[in-house]
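Below are the chains, spelled out letter by letter.
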Amino acid sequence: MIFKKMMGIGCLLLSSVSALTPGLSHADSEKTLTIANYRDIRDLNPHLYSGELFAQNLIFEGLVHLDENGQPEPWLAESWTVSEDGKLYTFRLRKDVTFSDGTPFDAHVVKSNFDALLDNSGRHSWLESIRLMMEVEKSGKESIRATDDYTVTIEFPNAYYPFLVELGVTRPFRFLSPGCFKNGTTKDGLDCLVGTGSYVLTSNVVDQQSVFEVNNNYWGEKPEINRLVAKVIPDSQARLLALRSGEIDMVYGLQLISAQAYKQFESDRRFNTALSKPVSTRMLILNTTSEQLADTRVRQALTHLTNKAVIAERIMLGLEQPADSLLSKNVPYADIELTAFDHDTSRAMELFRQAGWVSDNGTLKKDGKPLNITLSYDSDKVVERTIAQYLQSEWGKAGINLDLIGEEEQAHRDRLKAADFDISFNISWGTPYDPQSFMGAMRTPVYGDMLAQQGLKEKKQIDQSILAALETVDESERQKLYTYILETLHREAVYIPLTYEQNQAIFNSRVNGVGFNPSQFEIPLQRMSVKE
Amino acid sequence: MAKFIIKRLLAACVTLFLVSFVAFVIVNLIPADPAEVALRINDIPPSEEAIAEMRQQLGLDKPFMARYFDWLSASLQLDFGVSYTNTDRMVSEELARSFPYTLRLAGISLLLLVGISLPVGILSAVYKNHWFDHIVRLFIFASTAMPNFWLAFILIWCFSLELNWLPSSGATTWQHYILPGMTLCMAYIATYIRLIRNAMLESMGEQYVTYARARGLSEWSVVTKHMLKNSLQTSMTALGIGVVRLVAGTVVIENIFAIPGLGRLALAAIFNRDYPVLQAYILAMGCLFVLSNLIIDLLHTAVDPRLKTAGSQQ
C-alpha cells in the first residue's frame, strides 16, 4: 500500500515533467540558420575589441573588403587611388548607402568615425596606420579630410602598403552611424549599434542567444538567409550534441571543433563538413638567446628531428597539413622556394656532432654536460600537450632531455614575453594579418618573437627589412624584403613549423553553400542558404 | 537571546571581512599582470603603451592596501567595478543578471531533490532489506561514484537525443532546467535518501510509533503523520545548508547546459582571469554561506534553547 502510494508520487512527478514538455523547438525553418558560439557576442562596438568578430562582420562594413585571395576590393568605397609616393590615399565612396537607421553614409560620416578612432589612439597602437595618422595630426595637419560629400583622403607621413588590408579586417576600421556616438566619440561606449551591413541585431539575451535579421535598407544584394540565431553553448561536447539533436544547424570556426569530433561527423551521412585553406601556422619558436640553442646547427638539427607528417596525421588526424615553412604559400609574399627541413635523423645527428654534441650512453653531451632543453606549452590546449609529449619521446631517442613545462594561458604568455624559455609553442596571426602584422610584431616586445630572435646576428637587418617592407611602394622590392626575412628565419631555424591550421565547419543537410573567407573570423552568410 | 544574536552577527561581520580580504589577496596572488590580462581578453596586442594605459585605467598603479580599501568601500555599496571581459558591463549588474538563472536551477534541483529523496528514503526504511532497498542502495552507490559532467552527457543523450523530450542547452523555458536540475540534485540525492532512511529507521523503534500502531492507525498514517514528522527535523537542517551548496555547485553544470548563471559567470571569469568578477563571486558566495549558517544557528537556538546555553557556557 505504502509502496504503491509512494511510487504514485514519483510517477506523478515524472508524468508532469513529460506532460509539460510536449515538443521541442528545434532550429526554426523560414530561412533561419541557427549556429552555436562558445561565448556571448559581448560589446559589438567595432571601434573597440571585445565583441565577437563574426557578429561585427554582419552589422558593420568598411571601405574595402578582402576577396577570397586576401586582395582588397571595393566595398563602401567604390574606388580608390594611391599617390605615387604611397603617402596619400583617396577614396571615392558609394552614393547609395544608408545606415540601417536611415542615416546617409558619406564622407563626413567617414571622417567622424576616423576621428573617433584617433580619439582613442592608445588602444589602437598595435596598428601602424593609426600611429602614422597620429603623427600627421600631431604636426598640426589633418590626416583624414572629407574633400567633398563622397570623397575622403587619408595622408601618411610615409608610405605604408598594408593600409588597404588593415581597412579590410574587421576592426577597428568599420563604420557606425554617428547617431550612436556617445559624447561625440565611440571610446566611452555607444547609444546604439547601427551599421550599413546586410544584417541588424534584433535581439540579444546575454549569454543565451543573439538574433540577426536581414537589413531591409541594405544597399547591396540581400542574403538568402533571413535570420541568423547564434546560441551560446560554451561546452564543446554540448555544442556537438545540440547539432545532433537538431537544436542548431551548424558549428563553424577554428578551435570550436576537435579533430576527433570532426572525423566522427565526416563519416556521418546526416552531416556535412568543410575545411578552409590554411589560415595560420602552428609552430615551435626556438629561443636563440638560450645557451643550448644559440648554435644554428643545434636548431637545424632539432628541425630535422621533428616528424611533422606524424603530427599532422596521427595527432591532428589529417585535418592540418604538415608545414614546411613559417607561412603557408597562400599567404601574400610567402610563395617562395625554401628547402624544407625533412625528417632526417642521421642529418640531425651530423649537425649535433658538428656543433660539438656527442652521444654518450644514449645522451647527447658537450663538455660533459647533457643536452637539456625545456619546452613550454599552454596546459589548457590538449593538442599542444600531446605534441609536446610526442616530441619528448621522439627527441629522447636522439639523446635529448626535453623537459615539459605546462602552464595556464597567462603564465605561458608571461614566460614567452620574458623570453624565459628554450622552446615554446607559437602561432602566426592568421589571414589576413599575415605577413604584415605578424612580422610587424617581431619588431616590438608584443609576444615572444622579438626576444627569441635576439641571438641572431641578422636581427637588426631583419627588423629594418620588416619596416622597409611596410613602407616601400615598390611591389618587387617588397617581395625581395619579405623573401629575405622568410629565408633568414628559415635558414636560422628560429621556428619549427609544424602544421597549417584550417578553419572548419560541421553542418546538417539544411545548410548549403558553406565556404570560408580569407579572414578566419568571418562567416560568409552571403553565399550560404538554408532549406525551409 | 538578543545578546546571543548580536554576538553571532558580529562574528558574521568579522568572517565576511576576512572573506573579502582573502578574496582580494587570492586573486591578486595569481601570477599574471591584470592589465595585460584585460588587454588579452579584449584581443588587444599588449604593447607597452597599451599596458601602461590599462594599468592607469584599472588603478593598478596604486599600492596594494589602497586598492583593497578602495575595492572594499565600493563593494559595500555593491559596486564591484567593471568586468574585464565586457568592459561596458558593471560586475554588480552581471551578478544580478546571472543570479536568477542559478536560483531557478537550484530551485528546480531542490524540488527534484525533495520529490525523489523523500519517497525513496521513506520506502527504503519501510521496506528495509527488501529488493527495493537493495536497488536504492545500488543507486546511491552509483550516483555517488558518477562524475556529474558525465551524468549530464548521459542525460542529454537519453532525454534530448534519443527520446527528444527535453532541450539539451539554453535557459529560455522551464523545461531547459530539468536536465541540469536532475544532474545537480544527483550529487546530493544519495546523502538525503540515506539521511531520511536512517532517521525513519530510528523513529521506528520509538514508543510513540508502537503506541500509534496499538491505537489501530493504518500503516500509511503511522508513517506519514507520526514517523515522518519527527524524522524530518534533521533532514530539514541539512537541506538548509544544501540549498547554498546547490547555488555554489552549479559551475560545471551551467557550463555544459549553457545556462547563463552565476556558476558559468565564475568559470568564465576563472578562465579569462576576470579579476573583478572573480572577487565579487567569491565575496557573494562567502556572504551566502555566512548568512545561511547564521540563519540556521538562530533557528536551531530558537527551536532548542539548550544550544544557546551550551554556547554561552563555552
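Remember, predicted model here, so these are calculated numbers, not experimental data.

A. Looking closely at the overall build of chain A. On a plain count of helices and strands, chain A comes out with 16 helices and 24 strands. Against the globule reference of 24 Å for 532 residues, chain A gives a C-alpha radius of gyration of 26 Å, in line with a compact fold. A principal-axis box enclosing the C-alpha atoms of chain A has dimensions of 90 × 75 × 35 Å. Here chain A holds 532 residues, and the buried ones make up 58% of them. If you take every contact in chain A between residues at least 6 apart in sequence, the share linking residues at least 24 apart comes to 69%. With the model as given, the accessible surface of chain A reaches about 21000 Å², and the carbon-plus-sulfur share is 48%. For chain A, the centre of its 55 positive side-chain charges and the centre of its 72 negative side-chain charges are spaced 4 Å apart.

B. Main features of the overall build of chain B. For chain B, the helix and strand inventory stands at 14 helices and zero strands. In chain B, the order of α-helices and β-strands from amino to carboxyl end is α-α-α-α-α-α-α-α-α-α-α-α-α-α. Dimensions of chain B along its principal axes, counting C-alpha atoms only, are 85 × 60 × 30 Å. In chain B, which comprises 314 residues, the share counted as buried stands at 47%. Taking as baseline every contact in chain B between residues at least 6 positions apart, the subset at least 24 positions apart corresponds to 73%.

C. Local environment of the pattern of salt bridges. Per the counting criterion, the structure on display carries 39 salt bridges over all chains. Between R131(A) and E135(A) there is a salt bridge whose closest N-O contact spans 3.1 Å. With R131(A) and E135(A) both in helix α4 (residues 128-138) and four residues apart, this pair spans about one turn of that helix. Taken together, the shared-partner salt bridges in this structure form one network comprising D40(A), D207(A), R89(B), E94(B), R97(B) and R264(B).

D. The arrangement of the interface of chain A and chain B in detail. Contact residues are listed per partner, giving 50 residues for chain A and 61 residues for chain B. Summed over both sides, the interface between chain A and chain B buries roughly 5000 Å², with carbon and sulfur atoms accounting for 61% of that surface. Note that D207(A) and R97(B) form a salt bridge whose closest N and O atoms lie 3.4 Å from each other. Counting every contact that joins chain A to chain B gives five residue pairs in polar contact (both at pLDDT 80 or more). Contributing elements (two or more residues each) for the side of chain A that touches chain B: α1 (2-19), α6 (236-245) and α12 (409-417) of chain A.

E. Representation of the sheet that holds strand β16 (residues 358-360) of chain A in the model. Residue and element names in this part refer to chain A. Here three strands make up an open sheet; going across it, the order is β16-β17-β18 and the pairing antiparallel. Bordering the open sheet on either side are β16 and β18 (369-370), each of which pairs with just one other strand. The pairing of strand β17 (residues 363-366) with β18 spans two bridges and is classified as antiparallel. Each residue of the ladder has a partner; that of K366, found in β18, is K369.

F. Representation of the pairing of strand β14 (residues 271-286) of chain A in the model. Residue and element names in this part refer to chain A. Of all 16 residues that make up β14, twelve are buried, and the element is covered over most of its length. With twelve bridges joining them, β14 and strand β22 (residues 495-508) adopt antiparallel strand pairing. Looking at β22, one finds that F271 is bridged to N508.

G. Highlighting the confidence of the model for chain A. Residues and elements named next belong to chain A. When pLDDT is averaged along chain A, the result is 90, and 95% of the positions lie at 70 or above. Averaged over each element, pLDDT in chain A is lowest for α1 (53) and highest for strand β5 (residues 88-93) (98). Contacts from residues 17-27, a stretch scored under 50 in pLDDT, to residues over four places away or in other chains number 20 contacts.

H. A look at the packing of helix α5 (residues 91-126) of chain B against helix α6 (residues 131-145) of chain B. Residues and elements named next belong to chain B. Taken N-terminus to C-terminus, the directions of α5 and α6 make an angle of 130 degrees; their axes are 8 Å apart at the nearest point. When the axis of α5 is compared with that of α6, the two are oblique. The two elements α5 and α6 cross, and the hand of that crossing is left-handed. Residue-level inspection shows V120, L123 and S124 of α5 in contact with α6, the latter providing F132, D133 and V136. Of the residues contributing to the contact of α5 with α6, the split by class is four nonpolar, one polar and one charged.

I. How the structure looks around the state of the cysteines. Residue and element names in this part refer to chain B. Per the stated rule, a full pass over the model turns up one disulfide over all chains. C185 provides the cysteine sulfur closest to C158, a residue in no disulfide bond, and the two sulfurs are 15 Å apart. Cysteine C287 remains unbridged, with the sulfur of C13 as its closest cysteine sulfur at 9.9 Å. A relative accessible area of 31% places C287 in the partly exposed class.

J. The arrangement of the pairing of strand β10 (residues 199-205) of chain A in detail. All names here are of chain A. Of the pairings in the sheet, the one linking β10 to strand β11 (residues 209-214) comprises six bridges and is antiparallel in character. Along β11, the bridge assignment pairs N204 with S210. Here β10 folds back onto β11, and the loop between the two strands holds three residues, one of which, D207, carries a positive phi near 65 degrees.

K. Spotlight on unusual backbone geometry. For the peptide bond that leads from R171(A) to P172(A), omega is 10 degrees, which places it in the cis range. By the element assignment, P172(A) lies in the loop between α5 (163-168) and β8 (181-182). Here the bond from T431(A) into P432(A) is cis, since omega is 0 degrees, no more than 30 degrees from zero. If you trace the backbone, P432(A) turns up in the loop between β21 (423-427) and α13 (436-440). If you check the backbone angles, A493(A) has positive phi at about 50 degrees while not being a glycine. Take A493(A): it is sitting in the loop between α16 (475-491) and β22. For A493(A), a relative accessible area of 1% gives the class buried. One non-glycine residue with positive phi stands out, namely L78(B), at about 60 degrees. Mapped onto the elements of the fold, L78(B) is located in the loop between α4 (64-76) and α5. On the basis of relative accessibility, which here comes to 58%, the residue L78(B) falls in the exposed class.

L. Region of interest: the domain arrangement of chain A. All names here are of chain A. Parsing chain A into structural domains produces domain 1 (2-38 + 198-270 + 509-530), domain 2 (53-190) and domain 3 (278-501). Taking the mean C-alpha position of each, domain 1 and domain 3 sit 39 Å from one another. Listed as interface residues are ten residues of domain 1 and, on the opposing side, eleven residues of domain 3. Surface buried jointly by domain 1 and domain 3 totals about 820 Å² across both partners, of which 67% is contributed by carbon and sulfur atoms. Applying the counting criterion to the domain 1 and domain 3 interface returns two residue pairs in polar contact (both at pLDDT 80 or more). In terms of residue class, the side of domain 1 that touches domain 3 is built from five nonpolar, four polar and one charged.

M. Local environment of the packing of aromatic side chains. Residue and element names in this part refer to chain A. One pass over the full model with this rule turns up 29 aromatic pairs over all chains. Arranged with centres 6.1 Å apart and planes meeting at 85 degrees, the rings of F163 and F173 form a pair that is edge-to-face. Pair noted here: F163 is in helix α5 and F173 is in the loop between α5 and β8, with a separation of ten residues, a long-range link. Cluster of aromatic residues (ring-pair linked, three or more members): W80, Y89, F91, F99, F105, F114, F156, Y160, F163, F173 and F175. Between R244 and the ring centre of F265, over which it is positioned, the NZ or CZ distance is 4.3 Å.

Thresholds applied
Residues numbered from 1 in each chain as written. Chains lettered and ligands numbered in written order. Predicted model: local features only at pLDDT ≥ 70, side-chain atom pairs only at ≥ 80, totals over all residues. Heavy atoms only, no water. Helix = DSSP H or I, 4+ residues; strand = E, 2+ residues; numbered from the N terminus. Rg over C-alpha atoms; globule rule 2.2 N^0.38 Å. Buried < 20%, exposed > 50% of the residue type's maximum accessible area, 1.4 Å probe, protein only. Contact = heavy atoms within 4.5 Å. Areas by Shrake-Rupley, 256 points an atom, 1.4 Å probe, with all protein chains shown as cover. Lys, Arg positive; Asp, Glu negative; His and termini not counted. Charge placed at Lys NZ, Arg CZ, Asp CG, Glu CD. Salt bridge = Lys/Arg side-chain N within 4 Å of Asp/Glu carboxyl O. Buried area = accessible area lost by both parts, 1.4 Å probe. Polar contact = N/O pair within 3.5 Å; in protein donor to acceptor, adjacent residues only side chain to side chain. Pairing = 2+ DSSP bridges. pLDDT = per-residue confidence, 0-100. Axes fitted to C-alpha atoms, helices over the stretch in contact; angles between N-to-C directions. Parallel < 35°, antiparallel > 145°, perpendicular 65-115°, else oblique. Left-handed = near helix turned anticlockwise from the far one by under 90°. Nonpolar A, V, L, I, M, F, W, Y, C, P; charged D, E, K, R; others polar. Disulfide = S-S within 2.5 Å. Domains from an automatic or database assignment. Phe/Tyr/Trp six-rings, centres within 6.5 Å; stacked < 30°, edge-to-face > 60°. Lys NZ or Arg CZ within 6 Å of the ring centre and 35° of its normal.

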